[in-house]
Structures are given as C-alpha cells and as structure tokens.
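Summary of the model geometry
The lines below spell out each chain.
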Amino acid sequence: MKAFFHVQHLLGIGHLKRAATLAGALAREGFEVTLASGGMPVDDIVPAGVRLVQLPPASAEDASFRHLVDASGRRVDEAWREKRKSCLLESYAAFAPDVLLVELFPFGRRQLRFELEPLLERAAGRALVVSSVRDLIQDKPGRHAEMLATVGRFFDRVLVHGDPRLASFPLASRLADKLHYTGYVVEESPPGGNAGTGEVLVSAGGGAVGRKLLETAIRARPMSALRDRTWRVISGDNGPDLSAFQQKGLVIESKRQDYTTLLRNCELSISKAGNNTVMETLQARARALLVPYRGPGESEQTQRARLLADRGLVEVLDEDLLDPAALAAAADRAARRARPSHGTIDLGGARRSAGLLREWLHG
C-alpha cells in the first residue's frame, strides 16, 4: 500500500506537524508513505519510515494569507508556479500511489489550485483520493458551493480530524457518506521522564505569531501566585529572540524534543490555541490557559478555545485583553482547576485514519 500526502504550511508549522503525525501512523500501519511538503523546511519533524519530498518552498507574505512568497521572500510568479507544479506531478508519477491524501483542500488552500487541480486530475480513477482536514476551518458560506463541487468532482472520501461531540464540521450534512470523523490527530506521548515537573510552561507553537504572548507571560510572572515556580518559555522555530529577558527562575529555549513530557509534568501550560498544541495539552491532561490567536479574519483558535472552556477543560484569555496583570490573574485561575479527565475528547485520529484507509483499500 502506497500513500502520497500533500501538505502546505504557510505561517506556523501546525499543518505540517499534523500531516507528519498522520504519515507516521500510516507507516506503522504498513503503508509506504511519501510526504510532499510545500512549506519552508522544518528539521526533525518527519517520522522514521516516511519519505519527504520538499517542494520549492512557499510561505504566506503576512497574516492575511493573500500572497505567497518564495524562500527569498519574493512574491511567486507564473514561472515559479510552473516549476513547482512540475516538481509535484513528477514526484507523484514516480511514486504511483494507491492513495492520494490532500491536506485541507478544497476547504482551504485555494492559492494552490494551480498545482492541486492538475494533481487531482492525474489521480482520478487511479488512486483513492482523500481530503484530510481538521474540524474547525475558516468557514466562508459563499464558497460552500465551490467546495462541494470540488469534492464531488475529485474526492472519494473526506477525513475530518475531530470529535463531533465537541464540534461539527460545517459541511457535514451535505457531504453525507463521504465524510468520516476520525477523532483528533495527536502524536502519542512516550511514557516516563520527569523533565519540567512543577513548572509553568509557556509556548506559542512555531512562534511566528507568538511574540506578544511570550513577552507578556514573562512580564506577568512576578504578579502571579506561581512566581516562585520555574517558568519555561519555548519560543518556537520561528519565534522571537527573548535573550534580553533572561532572569533567575526563567528558562528560555527555542524548542524541545520532549515537549509532550514537559506538558505532562508541568503545573500549568500557557499557550496559543492551535490545534496541535491544544490536543497535546489535553492528551497530557495539563491544566491550561489558552490565549487564542486573532489575526485578520481568523476565528478558528477562538472557536476551539471557547468550545473547550464551555466544557470546563481550559481557562481562556482573549488576545485583545492580553496584558501582564490579566495574564497573571488568568494563570492563577487556571492553576486552581482540576486536570482534564482521560477520554473527554477523542484523540485517536492518527491511528483511526490509517485504519480507515487500509480498510477502504482492501474493501
């Protein structure tokens, strides 16, 4: 069984991380997997047993996501698009997969139609074609007809990585038997280790939009009832330089390979509300304060945080209200919460997705 998986991360690295977790689960299920990544290269994210094809990289010019830029920061042109489309199609043809997985499209990534529609046309009738999408998307009703038409034209199945007890996919009723909820995708945390025990863990995913949260948390520390704890700040691969804030009791690092161990052992996690970070936090049963990102037109993180807060699983602080005093008070409230219970949210999405694909191929 051979699976070819297309993924594009534009600002943070969340989409790539989720796709890499899924690819690893497919490899463990017996698939030969090629992961074609269109974003900027990220070290040590692709699991063993998965072949990475790095396409000519692109990212978003800014948080509006209106324009793509290349590795040099220049807006992409038609020549760049043709080169990248050719690279993708050649990689796909050489691999000749049984399954084509496309992350997010057609529910997002409209900027990539120049390469995705030719890829889907190439796969039609030759492979099982599946859309892989998280449960919360930037829902734009004006584009629903276009999304549904694209699913009808190209896709055999839609894997929604979520739990319908928490949130329903916007087009669920209109996708009928093509849609399958898998549970949330989260990498299984290795057992053991006492790193980070009793600490306050502050993180912002890849860090591209995390400066304000990280700096505010550092300034909030003296105001919090947790000020005598070690506060560990993970700035992220694309995060800001925080060396000017070094002080006793504060640890500043760009990344940690044992992040999930730190989550499991911490007294409190303070973070954005990105999909991967939140699911890792729930898996670790960590007390959490979420400060969802609210960029232009962005509502997904706020929606996720509010759904979890309504269930009593997290404390939430709106980004518009973020200042040191407000964060310190919210952190103290979060630290008084009970830890989330096991099984509250379905976190088995990686393994279940792999099982479904295997079942459909054998069927």
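Computed from a predicted model, the values in this text were never measured in an experiment.

Quick look at the packing of helix α6 (residues 211-220) against helix α10 (residues 324-335)
Relative to each other, α6 and α10 sit at 75°, their axes nearing to 8 Å. Compared by their axis directions, α6 and α10 come out roughly perpendicular. Here Leu213, Thr216, Ala217, Arg219 and Ala220 of α6 come into contact with α10, specifically with Pro324, Leu327 and Ala328. Grouping the constituent residues of the contact of α6 with α10 by class yields six nonpolar, one polar and one charged.

Thoughts on the packing of aromatic side chains
Tallied over the full model, the rule gives four aromatic pairs. Between phenylalanine 4 and phenylalanine 95 the ring centres are 6.3 Å apart and the planes differ by 45°, which places this aromatic pair in the tilted class. Of this pair, phenylalanine 4 sits in strand β1 (residues 2-7) while phenylalanine 95 sits in helix α2 (residues 78-95), placing them 91 residues apart in sequence. What makes phenylalanine 4 buried here is its relative accessible area of 0%. Under the relative-accessibility criterion, phenylalanine 95 is labelled buried at 7%. By way of ring pairs, the aromatic residues Phe4, Tyr92 and Phe95 are connected into one cluster.

Observations regarding the pairing of strand β8 (residues 157-161)
The buried fraction of β8 amounts to four of the five residues, a majority that puts the element mostly inside the structure. In this sheet, β8 lies alongside strand β7 (residues 128-134) in parallel orientation, the contact comprising five bridges. Across the sheet, arginine 134 pairs through a bridge with histidine 161, a residue of β8. Chirality of the crossover, the property in question, places the unit of β7, helix α4 (residues 144-154) and β8 among those that are right-handed. Where β8 meets strand β9 (residues 179-181), three bridges bridge the pair, whose relative direction is parallel. Paired with valine 160 across the strands is tyrosine 181, a residue of β9.

Thoughts on unusual backbone geometry
The residue after phenylalanine 105, namely proline 106, is reached through a cis peptide bond having omega 10°. Looking at the element boundaries, proline 106 is found in the loop between β6 (99-103) and α3 (113-123). Backbone geometry places arginine 109, a non-glycine residue, at a positive phi of 65°. Tracing the backbone shows arginine 109 in the loop between β6 and α3.

What counts, and where the lines are drawn
In this convention, every chain numbers its residues from 1, walking through the sequence in written order. Totals for whole chains, interfaces and linings use all residues, but because this is a predicted model, local features are given only for residues with pLDDT of at least 70 and pairs of side-chain atoms are given and counted only at 80 or more. Note that the side-chain values use all heavy atoms of the structure and ignore hydrogens as well as water. Orientation is described by lines fitted to C-alpha atoms, with helices fitted over the stretch in contact, and by angles between N-to-C directions that extend from 0 to 180 degrees. Strands here are runs of E lasting at least two residues and helices are runs of H or I lasting at least four, both read from the DSSP assignment and numbered beginning at the N terminus. Reported orientations rely on four angle classes, namely roughly parallel under 35 degrees, roughly antiparallel over 145, roughly perpendicular from 65 to 115, and oblique for the rest. Any pair of residues with heavy atoms lying within 4.5 Å of one another is described as a contacting pair. Residues are grouped as follows: Ala, Val, Leu, Ile, Met, Phe, Trp, Tyr, Cys and Pro are nonpolar; Asp, Glu, Lys and Arg are charged; every other residue, Gly included, is polar. When the centres of two rings from Phe, Tyr and Trp lie within 6.5 Å, Trp using its six-membered ring, the rings pair. Their planes under 30 degrees apart give stacked, over 60 give edge-to-face, and anything left gives tilted. Each residue's exposure class comes from its accessible area (1.4 Å probe, protein chains only) as a fraction of the maximum for that residue type: buried when under 20%, exposed when over 50%, partly exposed otherwise. For two strands to count as paired, DSSP must find a minimum of two bridges between them. Look down the strands so they point away from you; if going from the first strand over the helix to the second traces a clockwise path, that crossover is right-handed.

That's the geometry; what it means functionally is another story.
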